[in-house]
Amino acid sequence: MKRFFFFLLSLVFLYGFALSQSNEKLKQLIAEGDEYSEKKFDNYKALEKYLEAYKIDPKNYDVLWKLSKVYVDIGEHLPANTKEEKKKQLETYEKALEYAELAIQVNPNGSMGYTRRAIALGRIALFKGVWESIDLVKKVKEDCEKAIQLDPNNSVAYYVLARTHAKLCEKPKIIRSALGLGWASYDEAIKNFEKAISLRPTFIMYRLDAGKTYIEVKNYKKAKEHLSKIAELPTEDEDDPQFRKEAQELLEKIKDKAP
C-alpha cells in the first residue's frame, strides 16, 4: 500500500512538472510571437510561434486573439490582383474571424476578442464591398461598442469604431438612413479618433486617419496638427514608413488651406 502511495505521488509530481514546463513553453512562444509581430514585423514567423502555442493550449484566450490579429496583418499585405489571389486574401480574413470567434467563446468578457472580431468582419466587409455587407458593418459597430464597454481603455476599439463612422459618411445620410446606417457621423468619428489618440498618442495610423477625417470636415487646423506630429513619432507598425509619406503628402496638399 505504501509503495502504491509513493507511486501515485510520483505520478502527481511528474504531471505537475510537465504542466509547469508546458506553461513556460507557452509563455515563451507567445513572447516570441509578440516580438516578431510587434517589433520585427515578420507576420509569418509570428504566426508560426502562435500556432505552436495553440497546439499546447487551444483554449488560451491571448493566443486566439493574437492569431486573429496576425492573420489580418498577413491578409492586408497579400497581393489581390488575380482571382486566386483575392480568394486567398478573403480566406485569410475568414481565418482571422474564426480565431476571434474562438477567443470570444473562451472568454466572453474579454475586450480584445470582440475587437479582433470587429476588425476581421470589417476587412471582410471592405473586401466584399461595404454597401453589399451592411449586416457585417452593423456587427462591427456592435463589437466595438462591446469591446469598449468591457475595457474603456481599448484604443484599438475606439479607432475601429471611428473608422467605421468615417467610412460610412462617404455616402449621404439620406442614403445611409434607408439602409439602417443613419447613425454614422463625422462628429462621432472624430470623437472616437481623438479618444484612441489620447490612449495611444504615439500610434501613427490613428493620427493619419484622424487627419483625413478633419480634412473631410474642412477643419484644416486640426488636420495639420495631427499630420505634422507624425514625422516625429516612433515606428510601431510595419506600415509606418508609408503612413509618414502619406501624411507628408496630405500636409502639402492642405498647406495653403485656411484653418
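First, a word on what this report is: a plain description of the structure on this page. (Residues numbered from 1 in each chain as written. Predicted model: local features only at pLDDT ≥ 70, side-chain atom pairs only at ≥ 80, totals over all residues. Heavy atoms only, no water.)

## Focus on the overall build of the chain
- Of the regular secondary structure elements, the chain holds twelve helices and zero strands.
- Helices (α) and strands (β) of the chain occur, in sequence order from the N terminus, as α-α-α-α-α-α-α-α-α-α-α-α.
- Dimensions of the chain, computed from C-alpha atoms along their principal axes, come out at roughly 90 × 45 × 40 Å.
- Here the chain holds 259 residues, and 43% of them are scored as buried.
- By element, 54% of the accessible surface of the chain is carried by carbon and sulfur atoms, the whole surface being about 14,400 Å².
- Taking the average place of the 45 positive charges on the side chains of the chain and the average place of its 41 negative ones, the gap between the two points comes to 2 Å. (Helix = DSSP H or I, 4+ residues; strand = E, 2+ residues; numbered from the N terminus. Buried < 20%, exposed > 50% of the residue type's maximum accessible area, 1.4 Å probe, protein only. Areas by Shrake-Rupley, 256 points an atom, 1.4 Å probe, with all protein chains shown as cover. Lys, Arg positive; Asp, Glu negative; His and termini not counted. Charge placed at Lys NZ, Arg CZ, Asp CG, Glu CD.)

## Considerations on the packing of aromatic side chains
- Taken as a whole, this structure holds five aromatic pairs when the rule is applied.
- When the ring of Tyr54 is compared with that of Tyr99, the centres are 5.6 Å apart and the planes differ by 90°; the resulting orientation is edge-to-face. With Tyr54 in helix 2 (residues 43-56) and Tyr99 in helix 4 (residues 83-106), this residue pair connects regions lying 45 residues apart in the sequence.
- Owing to a relative accessible area of 24%, Tyr54 belongs among the partly exposed residues under this scheme.
- For Tyr99, a relative accessible area of 5% translates into the label buried.
- Stacked on the ring of Trp183, the Lys or Arg Lys141 has its end atom at 5.0 Å from the ring centre.
- When the ring centre of Phe203 is taken as origin, the NZ or CZ atom of Arg200, which lies over that ring, is 3.9 Å away. (Phe/Tyr/Trp six-rings, centres within 6.5 Å; stacked < 30°, edge-to-face > 60°. Lys NZ or Arg CZ within 6 Å of the ring centre and 35° of its normal.)

## Digging into helix 12 (residues 240-254)
- With 15 residues, helix 12 extends 21 Å between its outermost C-alpha atoms, agreeing within 8% with the 21 Å of an ideal straight helix rising 1.5 Å per residue.
- Looking at helix 12, one finds that the buried residues are Asp240, Phe243, Ala247, Leu250, Leu251 and Ile254. What you see down the axis of helix 12 is that its buried residues fit within an arc of 100°, all on one side. Of the exposed residues in helix 12, the ones pointing more than 90 degrees away from its buried face are Pro241 and Lys253.
- Turning to helix 12, the residues buried within the fold contact helix 10 (204-216) and helix 11 (220-229). (Expected span 1.5 Å × (residues − 1). Arc of directions from axis to C-beta. Contact = heavy atoms within 4.5 Å.)

Distances and angles like these do not, on their own, reveal function.
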